[in-house]
2 protein chains.
Amino acid sequence: MQIDEIRKREKALKIINQKIKNDQKNNLIDLTGLTGGFEVNSDEMKLLETYVGPAVFDEKIQEVGKKHLSGEKILPVNRTTAGIVATILTLVAPKTEIIHFLPKKPAHPSIPRTAKLVKADYVEYTDINEIKINPKKTSLVIITGTTMDYEVIDVTDFKQIIKKAKEFNVPVFVDDASGARLRRSIYDQPTAIDMGANLAVTSTDKLMDGPRGGLMAGDKKLIDQIKLTVNQYGLEAQAPLVAGMVNALKAYNPERIRTAFKQKDELYIKLNEANLNPEKTPTGFMFKKEDIKKEILKRDIQTSMSDDILAITYSMLLLKNFNIITIPALGMPEASRTIRIDWSSKDSNKISMDYLINSIVETFNMLETICKNNSFEKIVY
Amino acid sequence: MQIDEIRKREKALKIINQKIKNDQKNNLIDLTGLTGGFEVNSDEMKLLETYVGPAVFDEKIQEVGKKHLSGEKILPVNRTTAGIVATILTLVAPKTEIIHFLPKKPAHPSIPRTAKLVKADYVEYTDINEIKINPKKTSLVIITGTTMDYEVIDVTDFKQIIKKAKEFNVPVFVDDASGARLRRSIYDQPTAIDMGANLAVTSTDKLMDGPRGGLMAGDKKLIDQIKLTVNQYGLEAQAPLVAGMVNALKAYNPERIRTAFKQKDELYIKLNEANLNPEKTPTGFMFKKEDIKKEILKRDIQTSMSDDILAITYSMLLLKNFNIITIPALGMPEASRTIRIDWSSKDSNKISMDYLINSIVETFNMLETICKNNSFEKIVY
């Protein structure tokens, strides 16, 4: 069974839409930690025109953006992915090489994909001792601050890679999608820029209540070059998005993340008592796709289905039956297949821990039945 | 004098921002025809979260989008340029060829730029009799419905190119940025899709009151393929944008365009009386960059400045002194350098014809002084 990424996402969106039509919007529980949000007041709305909007909000985002990420200049883009694409298009010539260090594989697919688009070589490292910068060939060093599964980079590694890259004058770009908050609020790490990176990008909907969007920061000269590319390819954040980002950055408070960091142990114990073995994350827990399979195999069930399908099916069932939103059903193509529950999500205050644990357990029981009947197709599409 | 596209745009945005800070927002007069706007009510605002927003508004835009453009499926993107980029990335393989027919050169720069990115050949035609489709090599035929300067394609040409492309099974993509309204409301032409095109894209801020954004329509199968690319590269329209598009499409009324079409002759006569010679457009008038130079040369003034600088300077002066927004000062990199006044713009009801004429005349006088003093630098940056 091949995965049709578009159809599966549309199915999940349809389930949500149906619930909203049935007046159940408030029952939807988004525990992705990527809920986003869009707060713009009516005075601000009046300013959101094509040429007037950028004039007002481009200035405002400079201030709040620098406070969040440091850097000489801020550039709001349509998504973190859009920032990655624009940076590679701008700084990486064909036949040069991108070096990518990340705490754990896999990398976000937009990085190797865009490397391929510009015909550059692409090398990934998870061990800092193996990194080889080739002064004649390396055009960009990318560091992932925190992976899609919330693995956090070691701060000593972080600084050392930047030092190495600087020795050879290679620019360093940090994909700090959730890291700009996770690394900082829980692990007390400095901003990427303050550690010496030339460029960083973060997602304004990850672990904060902004709209889906990307916020870039860095050296003025590089940001100006990237801004040109961003405008040329239609990757910039439009005025309404920028307005939402400004307000979300102003409202951002790391306390919610820190509380979840403390409470996650209790969730973990309750799951163990129910005979389930998730992995801990800084602000919750997760079942990676292979762990979902393991839970099924524990029950002496056989299935020929791939880990991907199992994860998507689980996510779809959790949404349909318990209103809980996780990424595998709704994510963009090739987004993480991990069922990750982020207890720092705003919506966690809509439910009790017991509701969550019961939903997780019951959904595994449902998945068991689906495996027995091999009835995946009608759940996923 | 080289043009720094980023700095000149930032200068123009700064002028606007200063006026807004001085409480002159209502005195700003956007006559670009690209004003955009963003109307979203408070109930809708509550739905604008990362996963909930798309569920609601992706469905709504299917309906209003199809009514506007026809087609089996609608795809909202971040800008018309983003739709062009995604279409070429999806459908054009290296070493194949893009054929582009447009009523008049130059083409929108995003088309040749993306052709180059994917290593495809790119050929432009303005004469239908010269078009040569090469069945082994042509991977995409692009038609520009209306140029940046509002030159409109002949409907017979339009149909004939589509017919030719269909004979060879080459998909046809129409860049109908303003055309989807201009061609239809004034020239009574059918939608691109109804004439047989496979794909079309329009700008939701051109000649209608939506946010800057792109609305694509076309064959379901192709749209699904392009949607995957759009998601992979961060080119999609985010939920707040889609909500604004839905409302703008619902509110769209071609009557304003038709009224301007009738009133433009009066403007033209008044300008002639002031000894100025613009070109007519369907809904106003324009001075192309070479025409601005001509007006200066008529006054026996010599200048070594390029046409581009003259147009940008004129646009900057018109904004600063008369609050009138035109594209050369504020446009994206390589946007049109034409001073185009679109009398169908919503803001035209803020001023009289005489205010406009006087502003146009006085700005030429100011430009004359700038030429004499060669003091461009401080106006443009």
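Our structure is the block above this text.
These lines cover the structure that appears in this document, whether it is placed above or below.

Parameters at a glance
Residues numbered from 1 in each chain as written. Chains lettered and ligands numbered in written order. Predicted model: local features only at pLDDT ≥ 70, side-chain atom pairs only at ≥ 80, totals over all residues. Heavy atoms only, no water. Contact = heavy atoms within 4.5 Å. Buried area = accessible area lost by both parts, 1.4 Å probe. Salt bridge = Lys/Arg side-chain N within 4 Å of Asp/Glu carboxyl O. Polar contact = N/O pair within 3.5 Å; in protein donor to acceptor, adjacent residues only side chain to side chain. Helix = DSSP H or I, 4+ residues; strand = E, 2+ residues; numbered from the N terminus. Nonpolar A, V, L, I, M, F, W, Y, C, P; charged D, E, K, R; others polar. Buried < 20%, exposed > 50% of the residue type's maximum accessible area, 1.4 Å probe, protein only. Pairing = 2+ DSSP bridges. Axes fitted to C-alpha atoms, helices over the stretch in contact; angles between N-to-C directions. Parallel < 35°, antiparallel > 145°, perpendicular 65-115°, else oblique. Left-handed = near helix turned anticlockwise from the far one by under 90°. Phe/Tyr/Trp six-rings, centres within 6.5 Å; stacked < 30°, edge-to-face > 60°.

1. Regarding the interface of chain B and chain A
And step 1. Facing the 65 residues of chain B at the interface are 65 residues of chain A.
And step 2. Roughly 5,900 Å² is buried in total at the junction of chain B and chain A, and carbon and sulfur atoms are behind 59% of that figure.
And step 3. Inspection of the chain B/chain A interface yields eight salt bridges.
And step 4. Here K227 of chain B and E10 of chain A are joined by a salt bridge, their closest N and O atoms 2.7 Å apart.
And step 5. Where chain B packs against chain A, one counts 20 residue pairs in polar contact (both at pLDDT 80 or more).
And step 6. Put simply, the parts of the chain that give the side of chain B that touches chain A at least two residues each are helix 1 (5–21), helix 2 (42–46), helix 3 (52–69), helix 4 (80–91), helix 5 (110–117), helix 8 (220–233), helix 9 (239–251) and helix 13 (327–330) of chain B.
And step 7. With nine residues, helix 1 of chain B is the largest single contributor of residues to the side of chain B that touches chain A.
And step 8. Here the residues of the side of chain B that touches chain A are counted per class, giving 30 nonpolar, 15 polar and 20 charged.

2. Brief notes about the environment of V118 of chain B
Residues and elements named next belong to chain B.
And step 1. Within the secondary structure layout, V118 lies in the loop between helix 5 and strand 4 (121–125).
And step 2. Here V118 falls in the buried class, since its relative accessible area comes to 7%.
And step 3. Residues V118 and K95 lie 23 residues apart in sequence; the distance between their C-alpha atoms is 8.4 Å.
And step 4. Other than its neighbours up to four places away in sequence, V118 contacts I88, L89, V92, A93 and P94.

3. Brief notes about the sheet that holds strand 3 (residues 97–101) of chain B
What links the strands of a sheet is backbone hydrogen bonding, and the strands pair in either a parallel or an antiparallel sense.
Residues and elements named next belong to chain B.
And step 1. The seven strands are arranged 2-8-7-6-5-3-4 in an open sheet whose pairing can be described as mixed. Every other strand in the sheet has two partners, leaving strand 2 (73–77) and strand 4 as the edge strands with one partner each. In this sheet, adjacent strand axes meet at a mean angle of 20° when their direction is disregarded.
And step 2. Two elements, strand 7 (residues 199–203) and strand 8 (residues 214–218), share five bridges in a ladder whose sense is antiparallel. Looking across to strand 8, one finds that L199 is bridged to G218.

4. Structural notes on the packing of helix 7 (residues 179–187) of chain A against helix 10 (residues 255–273) of chain A
Residue and element names in this part refer to chain A.
And step 1. The contact between helix 7 and helix 10 brings their axes to 9 Å, and the two run at 65°. Taken together, the axes of helix 7 and helix 10 are roughly perpendicular relative to one another. Here helix 7 and helix 10 pass one another in a crossing that is right-handed. Contacts from R181, L182, S185, I186 and Y187 in helix 7 reach I257, R258 and F261 in helix 10.

5. Some points on the packing of aromatic side chains
Residues and elements named next belong to chain B.
And step 1. Enumeration over the complete set of coordinates arrives at nine aromatic pairs over all chains.
And step 2. Their ring planes at 75° and their centres at 6.5 Å tell us that Y187 and F261 sit as a pair that is edge-to-face. Remark: F261 occurs in helix 10 (residues 255–273) and Y187 occurs in helix 7 (residues 179–187); sequence separation between them is 74 residues.
And step 3. By relative accessible area, which is 38% here, Y187 ends up partly exposed.
And step 4. In this structure F261 comes out as partly exposed when scored by relative accessible area, which is 30%.
And step 5. When the centroid spacing of 5.1 Å and the interplanar angle of 70° are considered together, the rings of F287 and F364 count as edge-to-face. Residue F287 is found in strand 10 (residues 284–287), and its partner F364 is found in helix 14 (residues 353–373); the two are separated by 77 residues along the sequence.

6. Considerations on the pattern of salt bridges
All names here are of chain A.
And step 1. Under the criterion given, the structure shown has 52 salt bridges over all chains.
And step 2. Salt-bridge contacts for E5 lead to R337; the nearest nitrogen and oxygen are separated by 2.8 Å. Here the residue E5 occupies a position in helix 1 (residues 5–21), and R337 occupies one in the loop between helix 13 (327–330) and strand 12 (339–342), the gap between them amounting to 332 residues.
And step 3. For E5, a relative accessible area of 13% corresponds to the buried category.
And step 4. E255 is paired through a salt bridge with R258; the nearest N and O atoms lie 3.4 Å apart. Here the residue E255 and the residue R258 both occupy positions in helix 10, the gap between them amounting to three residues, near one helical turn.

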